[in-house]
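Geometric and topological summary
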Amino acid sequence: MPFGLCNAPAAFQYFMDEVLRGLLDTICMVYIDDILVYSRTLLEHVEHVREVLGRLQQHDLYAKLEKCLFHMPEVSFLGYVINANGFQMEDDSSLCLQSEPPRAFISDFTSNLPPVCFPLSSQIPRSVCSESCPPGYRKAPIEGRPICCFDCVPCAEGEFSVRTDVENCLKCPEDKWPNERKDGCIPKTIVFLPYNDVLGETLVFAALSFSIATAAVLGIFIRHRDTPIVKANNRELSYTLLAALMLAFLCSLLFIGRPGTWTCLIQQAAFGIIFTVAVSCVLAKTITVVIAFNATRPGSRLSRWLGSRVSRSIVLLSTLGEVTICLSWLLTSPPHPGTDTQSETGKIILQCDQGSAAAYYSVIGYMALLAFASFVVAFLARNLPDRFNEAKLITFSMLVFCSVWVSFIPAYLSTKGRNMVAVEIFAILSSTAGLLGCIFCPKCYTIFRMDRNRIEHLDLKCNL
């Protein structure tokens, strides 16, 4: 732009003010074509210079390299020498002032005036009608007042200022947050559910206790495998179900601790597959009970379906569907570690991003479908004779299981941070404990009551 044109300097100054809007009086100042970038540290200065150059590039403006100075501890700008200690006039300018003869001051002209003509003060008049805004605040114009009058407004949430009388505050980086005075940024608090926390230790203790209890029940069933009550409840399915319940308790430990690549990759898949095996075993048990009762009727052809072949097929086919969903999930859009910087103020939540929400809900939905089918079949078979009363136990256990997971959804969506992980772990532990307690505790009681763990006693109950 030729600066000899009328109003060219003013127009160019206005243009540069628009180009650097938001950065002026914060990290830089500009006078026509002279730009001064200032910072407190070298690292901040590199970022500030990059930001100013980016603004110039956006507006197709170019700086002549021969006239540019970078990373200078001291610089001359508009007749002043500016450094970390402040600013002072250049030597040439100060010499010119010192060589000037003394001038007359106001007092020389007012010595003979009457007192009524003395509105003048001995103090230097102020150019503004407000106090300076300290760091952490910004200037806000007052409507209807002169431009030199302003209010000092605290920087907004997530913003800070390091100089006085700034017009705009700066935003902190994603991983930082303003301090209490909002005159600088500090690292955000990293949040996850650790093992050494009280909540983490409690959940670990509960998971290990339940898994040990499940292992003890499995040992009892293996030790008394030849008793009528164990035989009548399909030993193979009972062993598989107990092993799945024990792994379900242990898989909750994958959700505790700092999220990593491998833990995020396998935690949801392991949870879905293990729970599918457990629920499919319950479904196979329920179908076996119904087949066993109907096979006792005269002329029934269902006796050929009795045995372990049907139950194995149900478990394998049901689990194969969940495995297929999990494999497609892991191959197309696997879960991975991620961060959440928006849910809680001043905190970075470490969590596992699901990768594909559709795949995640497909895993949960498939498991819920099997649980609902098990509940419906067990409910329809609840009125079978006492000899086949396992259907009643399964009905109650699946009612507890479904109730836990139905109440889990609103609780999970209403929590944030590590409490969200704790809610999911609690749902895993409580639903698994419900299956263990409702199905196997009555059987363990019958096993230790030798007078009831006899085929004669079961036949007597059936006849009554």
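Residues numbered from 1 in each chain as written. Predicted model: local features only at pLDDT ≥ 70, side-chain atom pairs only at ≥ 80, totals over all residues. Heavy atoms only, no water.

1. Re the pattern of salt bridges
Our working rule: What counts as a salt bridge is simple: a side-chain nitrogen of Lys or Arg found within 4 Å of a carboxyl oxygen of Asp or Glu. Burial classification: accessible surface area is computed with a 1.4 Å probe over protein chains only, and a residue below 20% of its type maximum counts as buried, one above 50% as exposed, and the rest as partly exposed.
Applying the stated criterion across every chain, the model contains 5 salt bridges. With a closest N to O distance of 2.5 Å, Glu 18 and Arg 21 form a salt bridge. Residue Arg 21 is classed as exposed on the basis of its relative accessible area of 51%.

2. Focus on the sheet that holds strand β14 (residues 347-353)
Which entries qualify depends on this criterion: Only strands that DSSP links by at least two bridges are regarded as paired with each other. Every helix listed is a DSSP run of H or I at least four residues long, and every strand listed is a run of E at least two residues long, numbered separately from the N terminus. Angular values range over 0 to 180 degrees, each being the angle between N-to-C directions of two axes fitted as lines to C-alpha atoms, with helices fitted over their stretch in contact.
Strand order in the open sheet formed by 3 strands is β12-β14-β13, and the pairing between neighbours is mixed. The sheet is open, and its two borders are formed by β12 (189-191) and β13 (336-340), each paired with just one other strand. Across the sheet, the mean angle separating the axes of adjacent strands is 30° when strand polarity is ignored. Across 5 bridges, β13 lies against β14 in antiparallel orientation. Residue pairing in the sheet places Pro 337 in a bridge with Cys 352 of β14.

3. Considerations on helix α2 (residues 42-58)
Rules: Helix span, as expected, comes to 1.5 Å for every residue beyond the first. In this context, the arc is that of the directions from the helix axis out to the C-beta atoms. By the convention used here, residues are in contact when the closest approach between their heavy atoms is within 4.5 Å.
With 17 residues, α2 extends 24 Å from end C-alpha to end C-alpha; this agrees with the ideal 24 Å at 1.5 Å per step. Listed as buried for α2 are His 45, His 48, Val 49, Val 52, Arg 55 and Leu 56. Each buried residue of α2 sits inside an arc of 120° when the element is viewed along its axis, so together they form one side. Projecting away from the buried face of α2 at angles above 90 degrees are the exposed residues Leu 43, Gln 57 and Gln 58. Elements that come into contact with the buried residues of α2 comprise α1 (8-19), β1 (28-31) and β2 (34-37). Positioned one or two residues after α2, Asp 60 has a phi angle of 60°, which is positive.

4. Here we look at a nonpolar patch on the surface
Threshold: Patch membership requires more than 30% relative accessible area and the absence of a salt bridge. Residues of like charge join within 9 Å; the nonpolar side chains Val, Leu, Ile, Met, Phe, Trp and Tyr join within 5 Å. Each accessible area is a Shrake-Rupley result for a 1.4 Å probe, and residues are judged covered by the shown protein chains and nothing else.
Judged by side-chain polarity, Phe 372, Val 376, Phe 379 and Leu 380 come together as a nonpolar surface patch covering roughly 400 Å² of accessible area. Judged by its relative accessible area of 51%, Phe 372 is exposed.

5. A word on the confidence of the model for the protein
Quick reminder of the rule: Every residue carries a pLDDT, the predictor's confidence in it, which falls somewhere between 0 and 100.
The pLDDT averaged across the protein works out to 79; a share of 80% of its residues lies at or above 70. Model confidence for the protein, summarised as mean pLDDT per element, is weakest for helix α13 (residues 455-463) at 44 and strongest for helix α5 (residues 198-223) at 91. Every residue in residues 113-127 scores below 50 in pLDDT, and together they form 6 contacts with partners more than four places removed in sequence or on other chains. Confidence drops under pLDDT 50 across residues 456-464; counting only partners more than four residues distant or on other chains, this segment forms 7 contacts.

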